[in-house]
Amino acid sequence: LPFIKKVVDSECTDIEIVVDIFSGTGAVASAFQDKQLITNDILYSNYISNFAWFSPRKYSRKKIETIIDEYNAMVINEENYMTINFSNTYFSHDDCSKIGYIREDIETKYANKEINERERALLITSLLYAMDKIAKTCGHYDAYRQGVEFDMHLELLLPEASITNNKKNKCYNIDSNDLAGKIVADLVYIDPPYNSRQYCDAYHLLENVARWEKPEVFGVAKKMDRTALKSKYCTKS
């Protein structure tokens, strides 16, 4: 990020609008929070993270902190979508039980208007980051490590998201080709996928939990039955 900022500062002038069109979880966009930001990613899980970090929507830090503290203190022992499909694969049975409970509770709180859209995104982002930290994988979800001890357990952290983002910031979750003709920018950062495979295939579990459509899963890796998904962005591999 210091290198990117150095190049922009030395070579570009009058930068007001910055677009990160393949933004992932927003690492590069975070270096330009003093500008108007437009982020985009085809994965809903990444869009949720970007909305959490960069949305101009106000949120209550105290509320999010209280909810996260409550989640961390809970001992959950229920059967749910996560235990039925992922128990003792990427996560232990107990962690799956807690993940499933928390994710469902976030949707309940949102439906009951106890949290707004950005607060929902912050809680989902906190959960996804906590999951990824303890998942028994080697960086993606094409496979899980078998025969290992579940020595780390789910702990959500409070996202340090700004409450003073640019009021014109926008976060998108669409095909970059469709978005390109609809936006204007002074600076565009383009870091496209490395091959023709959709990243949803490698990060299916995070996408599954982010969307929470609860599709059937298949195979050793427990990938989503993408033909049953509402999203067209997880249908290609």
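Here, the structure is the one placed above.
A brief look at the structure comes next.

Rules of the game
Residues numbered from 1 in each chain as written. Predicted model: local features only at pLDDT ≥ 70, side-chain atom pairs only at ≥ 80, totals over all residues. Heavy atoms only, no water. Helix = DSSP H or I, 4+ residues; strand = E, 2+ residues; numbered from the N terminus. Rg over C-alpha atoms; globule rule 2.2 N^0.38 Å. Buried < 20%, exposed > 50% of the residue type's maximum accessible area, 1.4 Å probe, protein only. Contact = heavy atoms within 4.5 Å. Lys, Arg positive; Asp, Glu negative; His and termini not counted. Charge placed at Lys NZ, Arg CZ, Asp CG, Glu CD. Salt bridge = Lys/Arg side-chain N within 4 Å of Asp/Glu carboxyl O. Pairing = 2+ DSSP bridges. Axes fitted to C-alpha atoms, helices over the stretch in contact; angles between N-to-C directions. Parallel < 35°, antiparallel > 145°, perpendicular 65-115°, else oblique. Left-handed = near helix turned anticlockwise from the far one by under 90°.

Before going further, it helps to examine the overall build of the chain. Scanning the chain from terminus to terminus reveals 8 helices and 6 strands. Written out in order from the N terminus, the α and β elements of the chain read α-β-β-α-α-α-α-α-β-α-β-α-β-β. A compact globule built from 237 residues would reach a C-alpha radius of gyration of about 18 Å, and the chain, at 18 Å, matches this within 12%. Taking all 237 residues of the chain together, the buried fraction comes to 49%. Restricting the contact set of the chain to residue pairs at least 6 apart, pairs at least 24 apart contribute 71%. Measuring between centres, the 30 positive side-chain charges of the chain sit 4 Å from its 35 negative side-chain charges.

Another aspect to go through is the pattern of salt bridges. The final tally for this structure, using the stated rule, is 12 salt bridges. With its nearest N and O atoms 2.8 Å apart, the salt bridge here joins K214 to E104. Residue K214 is found in the loop between α8 (204-211) and β5 (217-218), and its partner E104 is found in helix α5 (residues 93-111); the two are separated by 110 residues along the sequence. Using a relative accessible area of 38% as the deciding quantity, one classes K214 as partly exposed. For the salt bridge of R211 with E207, the shortest nitrogen-to-oxygen distance reads 3.0 Å.

The next point concerns the sheet that holds strand β4 (residues 187-189). Taken together, the 4 strands give an open sheet; going across it, the order is β3-β2-β1-β4, and neighbouring strands pair in parallel fashion. Single-partner strands in this sheet number two, and they are β3 (170-172) and β4. Sheet twist, expressed as the mean angle between neighbouring strand axes with direction ignored, is 15°. In this sheet, strand β2 (residues 36-40) lies alongside strand β1 (residues 17-20) in parallel orientation, the contact comprising 4 bridges. Bridging across to β2, D20 finds its partner in T39. In this fold helix α2 (residues 44-54) packs onto β2 and β3, with an angle of close to 175° to the strand it touches most, β3.

Trans peptide bonds make up the majority, and among non-glycine residues the majority have a negative phi. Positive phi values are uncommon outside glycine, yet K113 reaches one of about 60°. As for its position among the elements, K113 is in the loop between α5 and α6 (117-134). Phi angles above zero are rare outside glycine, and K214 is one such case at about 55°.

Position of D20 relative to the elements: it lies in strand β1. Despite its burial, D20 remains without a salt bridge, the nearest opposite charge being carried by K5 at 13 Å. Sequence-distant contacts of D20, that is, excluding residues within four places in its chain, are made with V28, A29, I38, T39, N40 and Y189.

Packing of helix α3 (residues 61-73) against α5 leaves a shortest axis separation of 11 Å and a crossing angle of 150°. By the angle between their directions, the pair α3 and α5 is classed as roughly antiparallel. Read as a crossing pair, α3 and α5 show a hand that is right-handed. Where α3 abuts α5, its residues I67, Y71 and N72 lie against K98, I102, D105, I106 and K109.

Counting buried residues along α8, 8 of its 8 residues qualify, which places the element largely inside the surrounding structure. Inspection of α8 places H204, L205, L206, E207, N208, V209, A210 and R211 among the buried residues, and these make up the whole buried set. On its buried face, α8 sits against α2, α4 (81-86), α5, α6, β5 and β6 (223-224).

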